[in-house]
Amino acid sequence: MNDSQYTLLPKPGDTVTNLQLEAVRYLFEASDTLYRILRCKDENNNGKIVVGNFGDALVTGCSFLVKGKWIKHVKYGMQIRAETVVPLTPVTTEGICKYLCSEHFSGIGPSTAKNIVDRFGTATLDVIRDTPSRLKEVPGIGDSKAEQIRKSWQKYQELNQLFIQFYQHGLTQHQCYKIYQNYGSNSLSILEIGRAHV
């Protein structure tokens, strides 16, 4: 076996920068805070545990980028303590189906998600974003359901864009959620006003 076949194991304190993972399953969700423990896998299907205050930002079955540090839990071993997580837009039909079934899209179950993706394929998210009225081409989706899906998509996209802006200002995931909880869609303008007065 040559040296290139060995994989270096992380050590506590090692930095994690833009590691792409797929969210598999929430292991723990604190109901009174944004703290979560999430089982994930990397591109080689190696299991990883990510912990942190990232609330509902991540959808199981979808990919995301994580930045943080490796920590060693006494009982559970090596984990990534997330400073920031950035959800990635799914690009496969399977990923899009899982995304549509998530808590971010109210009223869409596995059957409806499959019907939508069967109709539009990998262009599904473009259809929702650009021409949501086309959703009515899917059996069982009328005007109100199409509008509900469009609103869910818009809200989640606004939240992601706000968080990306927050990260550029050096805020942590936890700080982002606290600001968003207090100020909603006005969060970025409040942040800009606050920074201008410093």
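Residues numbered from 1 in each chain as written. Predicted model: local features only at pLDDT ≥ 70, side-chain atom pairs only at ≥ 80, totals over all residues. Heavy atoms only, no water.

Caption draft 1: Highlighting the packing of helix 1 (residues 93-100) against helix 2 (residues 110-120). The N-to-C vectors of helix 1 and helix 2 enclose an angle of 140°; their axes lie 9 Å apart at closest approach. When the axis of helix 1 is compared with that of helix 2, the two are oblique. Crossing handedness for the pair helix 1 and helix 2: right-handed. On helix 2, the residues that touch Thr93, Ile96, Cys97 and Leu100 of helix 1 are Ala113, Lys114, Ile116 and Val117. When its residues are assigned to classes, the contact of helix 1 with helix 2 shows six nonpolar, one polar and one charged. (Axes fitted to C-alpha atoms, helices over the stretch in contact; angles between N-to-C directions. Helix = DSSP H or I, 4+ residues; strand = E, 2+ residues; numbered from the N terminus. Parallel < 35°, antiparallel > 145°, perpendicular 65-115°, else oblique. Left-handed = near helix turned anticlockwise from the far one by under 90°. Contact = heavy atoms within 4.5 Å. Nonpolar A, V, L, I, M, F, W, Y, C, P; charged D, E, K, R; others polar.)

Caption draft 2: Highlighting helix 2. Listed as buried for helix 2 are Ala113, Ile116, Val117 and Phe120. Each buried residue of helix 2 sits inside an arc of 95° when the element is viewed along its axis, so together they form one side. Structural note: helix 2 exposes Ser111 and Asp118 on the side pointing more than 90 degrees away from its buried face. (Buried < 20%, exposed > 50% of the residue type's maximum accessible area, 1.4 Å probe, protein only. Arc of directions from axis to C-beta.)

Caption draft 3: Inspection of unusual backbone geometry at higher detail. With a phi angle near 50°, asparagine 18 is a residue other than glycine that sits in the positive phi range. Mapping asparagine 18 onto the fold places it in strand 1 (residues 15-29). Overall, asparagine 18 belongs to the exposed group, its relative accessible area being 51%. Residues other than glycine seldom take positive phi values, yet asparagine 45 does so here, at roughly 65°. Turning to its location among the elements, asparagine 45 is positioned in the loop between strand 2 (35-41) and strand 3 (47-53).

Caption draft 4: Spatial organisation of the side chain of arginine 36. Its place among the elements puts arginine 36 in strand 2. Look at arginine 36 and you get buried, because its relative accessible area is 7%. Within the structure, arginine 36 has its side chain in polar contact with the backbone oxygen of alanine 30 (distance 3.2 Å). (Polar contact = N/O pair within 3.5 Å; in protein donor to acceptor, adjacent residues only side chain to side chain.)

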